[in-house]
Each structure stands twice: as C-alpha cells, then as structure tokens.
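Observations on the three-dimensional arrangement
So you can see what is in the structure, the chains are spelled out below.
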Amino acid sequence: MLTIVQGALQRWWQSASSIDLRGLAALRVLLGSILLSDMVLRLTDLEAFYSDGGILPRSTLLEAAADGRFSLLMASGASWWPAAIIVVTALAALAFTLGWRTRLANLVLFVAVGSMQSRQPLILIGGDILIMALLFWCLLLPAGARWSADAALSSTPSPRRHRYRSLAAFGLLVQVVSVYFFSAVLKHGDAWWPDGTAVYYALELDRYTTDIGRWLQQWPMLTRSLSYGVYGLEWLAPLLVFAPVATYRLRLLAFVLLMGMHIGFLLCLELGHFPWVSMASLMALSTPGLWQMLRRKLDPKKPAALRTRIYYDRDCAFCHASCHLLRVFLVLPRTRIEAAQDTPRAHRLMEAHWSWVIIDGERTAHLKFEAFIALLRASLLFRWLAPLMQWSPIQRFGTAVYDRVANGRGAVAAWTRWFWQPRPVRWRYGGAHQAVAVVALLTITVWNAHTVDWLSRTWVTPLAPVVQTLRLDQRWDMFAPEPSRRDGWIVFPATLENGETIDLRRPQQALTWQRPERPNAHRNVRWHSYEWRLLALKNEALFLAYGRYLCRSYNAEAVAGQRLVRFDMVYVIDTSPPPGGQSSVERRTAWHHRCLPDSPTPRPSTPASS
C-alpha cells in the first residue's frame, strides 16, 4: 500500500513540477512585448513621472512616499537619466522578446523595471506586481530554450524534450495560481457571495468601463452568473492546476477558463496592461496537448511542404547563423539546413547566382528574396505574409536588399558578429538555482498568507527588507473584498489672471459639473490611478507636488494676463446604487492651490460635501 501511495505521489510531483518549454517561451515573448510597449508609453510621460520637475520630485518621494526601496532612478532628477534607463530597458525588453542573451536581458529588466516602480509608486497598477514576479521566476528557468536567438545560435543544443521539470517550474506555477487563489480569499464581500452583484458594481465604475461593459449592464442575470463564475473559478484554479489525477487535462481546462476570464476583463474594463500580463502568465499552464493540437492545425496539409531544405555556403559562418535564426523565428521546425557544397544541384545554383538556395517539397528551387518567400509559405505562423511579399514593389526591394547584403556579406558579418556569434548557453540550472527557488517559494507563500490574515506580521517582518527591495511583495486584492461603489470624475475649477474661470482639465470648454460623456477618457490608466490614489492617501506633500506641476505646465505656455492664478481639485463622487436604485453624487474638494510666486502658501482642503 505504501509503495502505491509513493508511486502516486511521485507521478503527481512529476506533473506538478513540470512546465512546457514552448509555454515558457510564449510567456517570454508576450511579457517582453508588453514591457517594450510599456517603455514607449513611459517615454511620453517621462518629465511628469520621473523628473524632479514632475508630479513626484525625489525630495517629495523621500518625505511622503518612500519605503526604503532601491531605485537607479534616484541617482538624478534630470530628465536625461530616466530617459536613458527607459531606453536601455526597452532594448532589454526587445532582446528578451527575441531570446537573445535571454538571462542577461531578464536580469536587466528585473533591476530596471523594479527601479521604475520604486521611483514612482503612485502610478502602479495591478499588472506591475505580476510583471516583477514573472521576471523573477524566469531568471531561474531556461526561458530562451524555445523560439529564441539563443536556441538558434547556441553551440550547446537546447533540451530536446519540451517538458521541463524543476523546483523553479513548480514555483512559477504556484505563483500563477496564487494570483487567483489569494484574490478569492480576499473577495469576502457579499457582492461576490451570496448576492452575485460584483460584476454589476464593477461595470458601474464608468471610469473603468468600456462600451462593451456598458452594454453588458443591461443583462442582470448574466452579470450575476459572471460574478459567481469568476469567484468560483478563482477558488478552483489551484485544484485544477495541481489535480492529482488527469493533471494535464485539468490544467488545460484551467488555462482555457482563466484565459477566457481575462479576455472578458479586456473587453469590458480598462485595466491597463493587467489582462495582458495575466494572459502572458497563463502560458505557464499550457500543456503538451495544447501545443500538439496547435501543431496539427497549423501544419501544412501537403506532406511535401514539410520537406523544405535551406542550403547555405559552408564557408560563411554568418550565412549558417542566419539560416538557423530564420528557422527559429519563422517557426520552421521540420526544415533542414544543409551546406550547399554537399548537394550538387544546390551548389551549382549557389555558384551561378551567388545566392542561398531553398528547395521546397516539390523540388522547386528558389533564390535570393524569392527564397525567403518560399520559407514564408512553409512557415507555421507566417505563411499569410507570402502573398504580400510577392507584390512586385516589395519583391524588387527585397531582392535589392539581398544583393546588397550578399555582395558585402564580409562587412555585414563583421558588423553584426556581436549578435550572431555562436556561444555556449546553459539550459539546465543546478542546485543553487533550485535552492533559491525553494526559499523564494516559501517566502512568497508566507507573504501572501499574511495578506489574507492567515499569518501575523511577525512572520513577514524579517522578510520585508529583502522582499520589498526586490519588489516581490504581493497583494492580489483587485475588486476585493468587493468592487468599489465609489465612482466619479475630477474637475479642476481654475482662475486666470484676467479673472476668467476655466476647467484646468478642459481649458477649451466651459466649466461644468456634469458627468463627462466618457469619464475614462484620461491620458492613460497610470494618470487615472495616480489621481484617485491621491484622494485615498490624503497626503499634503503629494497634493502640493501635483499642484506645483500643474501650475508650471500651464503657465509655461500661457501668455501674459492669462497665467494660472489658482485652482481647486474637486472629486465628484458618484456612489453606485444597488441594482434598480438611484445613485447619489457629492463634491469633495481635496486641494486648493495658488500658483503665482506672490500667492499665499497652498493649503489642504477639509474634505466636505457641497
């Protein structure tokens, strides 16, 4: 009997501690793409978010919002410094997405993104916490083992088996399901159970709701069912992912259901990159069965199409590396790469046309840019591009570029050697990495247990300095204990030197207290989170910094006589009623500010209704 139990536990552990390397690669590609787009967006708000002339100067951060976390951005308050770090981070995100020097890029992202979050904690959104957790676990796993430049160029072959088993893999899976499980524990409000009105209240928050979400509000029975569905799925997620029987099938079910839930969030609510990061994390739950099914769907129907061969010049190491890169990034797993000198037909064509040679499954030879189009036709993912590439202007341009590179391939190879030079890559990590994984798993589990009041603060106090410095502190409380019933918008009534009264937020429009047509039409979700976090924190230093920033920004472009003299920051609070009820609206003046140098010192306002 004991032997049977031990065997069952061993089989369960082998499944519970295994991930598919293709899923890990998909997580890497999605996460890197999200970070790359996030860096582009951050550049648009560089001055406002990260300089001493913005909404949170370093002195104000140290006075009112700092918690001792490390940040590279604290080294300078000038705009050039955060700009340089964001550009470096964007390049690291691109390298991480492509899987080029994956571990180094991963480490740069972990330090740089953590530094940005520590420098400006007031603009954080839910996806930021999950990003740091995923970057940490990727450091302990071979994230570049599939669909990467590392796998294409490494002098040490990547693992042949798609299934990868380790303590770090188990840690990543636990991290992913912790988001849902601890979120469910925190959702103890009646709106989730037994009332089932949580989705209704979430969609009542106009500052988040999309047009699809507003349409959904007219179906109360559906929103009630969705409330129960989301709540139940979050409780069920750990059981499905770590089921002792039919583990992979139930894990795939969890993947499909959770992915559907986040697609619903994406369609109905404006939550920044949170749904995208969450969907990236779910790729860790993908199973071999899922990838096999996709392979069957995407593989060409004609077996001959699978016998495409790429022939290169054996004397050109750059050419050899380029072929391997194309096979990886065009997703050509069954395409063979051979030296042209070993096949007389390919060798004659290469010598006659000074070109690489592609011979497809129908034995047709293709040269130069046409050879690239032939690879697109054989690609699992990109064959839809082939007709576009055949358009004559594109084909002429592609052929001209090919000839230019081929005629100067020695110089091109020398200039790009830093990228394509083969090097050994370590694919399986040893005991030290697994020990770190165990410590991290225990630490994060204890931390999450504390956030739901299962453990006292004494458990996490010794851990706090390291956990917070690494930005691995977590609390999965979105829409917990239930969605907020406080909605609204912000009005900035302001007075100019000439006595004119305007709305600082909409200076070209007449001042009005009516609900905007689109309350969520803000610059981006980070600005939205920042302004409503100010109301929650009620910190005078933070309001003062924001007021000074708004004064500088407006008066820098104002002409004499029309400068900004003073303004108020008024939150119009709209309390969501129960289904069928009447909403109530109140104005809450959170801050008075005077802008001109000879004006009295700004003062905080006592929150009051009017």
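Higher on the page you've got the structure.
In what follows, the accompanying structure is described. Here the structure is a predicted model, which means the values were calculated and not measured. Throughout, residues of each chain are indexed from 1 in the direction in which the sequence is written. Only residues with pLDDT of at least 70 get local features here, since the model is predicted, and only at 80 or more are side-chain atom pairs given and counted; chain-wide, interface and lining totals rely on the full set of residues. No hydrogens and no water enter the side-chain calculation; it runs on all heavy atoms of the structure.

1. A short note on the packing of helix H18 (residues 368-378) against helix H20 (residues 392-407)
When two helices pack together, their arrangement is given by the angle between their axes and by how far apart the axes lie. Between N-to-C directions, angles span 0 to 180 degrees; the directions come from axes that are lines fitted to C-alpha atoms, helices contributing only their stretch in contact. For the purposes of this entry, the term helix denotes a DSSP run of H or I that reaches at least four residues, the term strand denotes a run of E that reaches at least two, and both are numbered from the N terminus. As a packed pair, H18 and H20 sit with axes 7 Å apart at the nearest point and diverge in direction by 115°. Residue-level inspection shows Lys368, Phe369, Glu370 and Ile373 of H18 in contact with H20, the latter providing Ile394, Gln395, Gly398, Thr399, Tyr402 and Asp403. Polar here means any residue other than Ala, Val, Leu, Ile, Met, Phe, Trp, Tyr, Cys and Pro, which are nonpolar, and Asp, Glu, Lys and Arg, which are charged; Gly is therefore polar. For the contact of H18 with H20, the residue count by class is four nonpolar, three polar and three charged. Between two residues, a contact is recorded if the distance between any of their heavy atoms is within 4.5 Å.

2. Some thoughts on the environment of Cys138
Note on placement: Cys138 falls in helix H7 (residues 126-139). Accessibility here uses a 1.4 Å probe with only protein chains present; expressed as a share of the type maximum, an area under 20% marks a residue as buried, one over 50% as exposed, and anything in between as partly exposed. Judged by relative accessible area, Cys138 falls into the buried class, the value being 2%. Each C-alpha atom of the pair Cys138 and Leu239 lies 24 Å from the other, and the pair is 101 residues apart in sequence. If near-sequence neighbours (up to four positions away) are discounted, Cys138 is found in contact with Leu24, Leu27, Phe96, Asn106 and Ala143.

3. Section: the pairing of strand E4 (residues 336-339)
Across four bridges, strand E3 (residues 309-312) lies against E4 in parallel orientation. Each residue of the ladder has a partner; that of Arg309, found in E4, is Arg336. Call a crossover right-handed when, viewed with both strands pointing away from you, the route from the first strand across the helix to the second goes clockwise. You can see the chain leave E3, run along helix H16 (residues 317-329) and come back into E4, and the turn it takes is right-handed. In this description, strands pair whenever DSSP reports at least two bridges between them.

4. Considering a nonpolar patch on the surface
Patch rule: a residue counts if its relative accessible area is over 30% and it has no salt bridge; like charges are joined within 9 Å, and nonpolar side chains (Val, Leu, Ile, Met, Phe, Trp, Tyr) within 5 Å. Only the protein chains shown count as cover for residues, with accessible areas throughout obtained via the Shrake-Rupley method and a probe of 1.4 Å. By salt bridge we mean one thing: a side-chain nitrogen of Lys or Arg within 4 Å of a carboxyl oxygen of Asp or Glu. Residues Ile212, Trp215, Trp219, Leu222, Leu226, Ile263 and Leu267 make up a contiguous nonpolar surface patch of roughly 650 Å² in combined accessible area. Structurally, Trp219 is set in the loop between helix H11 (211-216) and helix H12 (220-241).

5. Examining the packing of helix H6 (residues 102-119) against H7
Contact pair H6 / H7: the axes reach a minimum separation of 9 Å and the direction vectors enclose 150°. Considering their axes alone, H6 and H7 lie roughly antiparallel with respect to each other. Judged by the sense of rotation from one axis to the other, the crossing of H6 with H7 is left-handed. Seen from H6, the contacting residues are Arg103, Asn106, Leu107, Leu109, Phe110, Val113, Gly114 and Gln117; seen from H7, they are Asp128, Ile131, Met132, Leu135, Phe136, Cys138 and Leu139. The residue makeup of the contact of H6 with H7, split by class, is 10 nonpolar, three polar and two charged. Oblique is the label for any angle not under 35 degrees, not over 145, and not in the 65 to 115 range, which are roughly parallel, roughly antiparallel and roughly perpendicular in turn. Rotating anticlockwise by less than a right angle from the far helix to the near helix defines a left-handed crossing, while the corresponding clockwise rotation defines a right-handed one.

6. Some thoughts on the side chain of Asp503
With respect to the helices, strands and loops of the structure, Asp503 is situated in strand E9 (residues 501-503). Classification of Asp503 by relative accessible area gives buried; the value is 2%. Here a polar contact is taken to be a pair of N or O atoms separated by no more than 3.5 Å, where protein atoms must pair a possible hydrogen donor with a possible acceptor and residues adjacent in sequence count only if both atoms sit in side chains. There is a polar contact of 3.2 Å between the side chain of Asp503 and the backbone nitrogen of Phe492. Within the local environment of Asp503, its side chain forms a polar contact with the backbone nitrogen of Arg505, the two atoms lying 3.0 Å apart. Setting aside residues up to four positions removed in sequence, Asp503 forms contacts with Val491, Phe492 and Leu511.

7. So, the nonpolar core
Among the nonpolar cores identified, the biggest contains 128 residues, and Trp137 and Leu172 are the most heavily contacted of them. Here the element with the most residues in this core is helix H9 (residues 167-186); it accounts for 13 residues. Ignoring anything within four residues of it in the chain, the contact list for Leu172 reads Ile19, Leu24, Leu27, Leu134, Trp137, Leu141 and Ala284. Throughout this description, the term nonpolar core refers to a set of buried Ala, Val, Leu, Ile, Met, Phe, Trp, Tyr and Cys residues connected via side-chain atoms within 4.5 Å. Membership of the second largest hydrophobic core comes to 42 residues, among which are Leu56, Ala112, Trp527 and Phe543.

8. Some details on the sheet that holds E4
Ordered by their spatial adjacency, four strands build an open sheet running E4-E3-E5-E6, and the pairing between neighbours is mixed. Since the sheet does not close on itself, it has two edges, and those belong to E4 and strand E6 (365-367), each with one partner. Neighbouring strand axes in the sheet, compared pairwise and without regard to direction, differ in orientation by 25° on average. Strand direction decides the pairing type here: strand E5 (residues 357-359) and E6, joined by three bridges, are antiparallel. Note on E6: the bridge partner recorded for Ile359 is Ala365.

9. Here's the deal with the side chain of Ser154
Structurally, Ser154 can be placed in the loop between helix H8 (149-153) and strand E2 (163-165). Classification of Ser154 as buried rests on a relative accessible area of 14%. For Ser154, the side chain forms a polar contact with the main-chain nitrogen of Val425, separated by 3.5 Å. Excluding residues that lie within four positions of it along the chain, Ser154 makes contacts with Arg423, Pro424, Val425 and Trp427.

10. Re the environment of Arg58
Tracing the chain through its elements places Arg58 in helix H4 (residues 58-65). Expressed as a C-alpha distance, the spacing of Arg58 and Ser76, which sit 18 residues apart in the sequence, is 8.7 Å. Once residues lying within four places of it in the same chain are set aside, the contact partners of Arg58 are Asp52, Leu73, Met74, Ala75, Ser76, Gly77 and Arg119. At 2.9 Å, the side chain of Arg58 forms a polar contact with the side chain of Asp52. A polar contact is formed between the side chain of Arg58 and the backbone oxygen of Met74, at a distance of 3.1 Å.

11. Considerations on the environment of Phe318
Structurally, Phe318 is set in helix H16. For Phe318 and Ala413, which are 95 residues apart along the polypeptide, the C-alpha to C-alpha distance reads 5.6 Å.

12. Thoughts on the pattern of salt bridges
Considering all chains together, one arrives at 27 salt bridges under this definition. Measuring nitrogen to oxygen at the nearest pair gives 3.1 Å for the salt bridge that ties Arg214 to Asp211. Taken as a pair, Arg214 and Asp211 lie in helix H11 at a separation of three residues, close to a single helical turn. For Arg214, a relative accessible area of 23% puts it in the partly exposed group. Take Asp211: its relative accessible area is 53%, and that puts it in the exposed class. Arg505 is the partner of Glu531 in a salt bridge, and the nearest nitrogen-oxygen pair spans 2.4 Å. With Glu531 in helix H26 (residues 525-537) and Arg505 in the loop between E9 and H26, the pair connects residues that are 26 residues apart, well separated along the chain. Residue Glu531 is classed as buried on the basis of its relative accessible area of 6%. In this structure, a network of salt bridges that share partners links the residues Asp206, Arg207, Asp487, Arg515 and Asp574.

13. Some words on the state of the cysteines
When two cysteine sulfur atoms lie within 2.5 Å, the pair is treated as a disulfide. With the rule as written, the count across this model stands at two disulfides. Disulfide partner of Cys316: Cys319, at an S-S distance of 2.2 Å. Where Cys316 bonds to Cys319 through sulfur, the torsion about that S-S bond is close to 80°, and the disulfide is right-handed. Considered together, Cys316 and Cys319 belong to a single accessibility category, that of buried residues. At a sulfur-sulfur separation of 2.0 Å, the disulfide partner of Cys551 is Cys595. Residues Cys551 and Cys595 are joined by a disulfide whose S-S torsion is about -60°; by sign, that bridge is left-handed. In this pair, Cys551 is assigned in helix H27 (residues 540-555) and Cys595 in the loop between strand E11 (584-594) and strand E12 (603-604), connecting sequence segments 44 residues apart.

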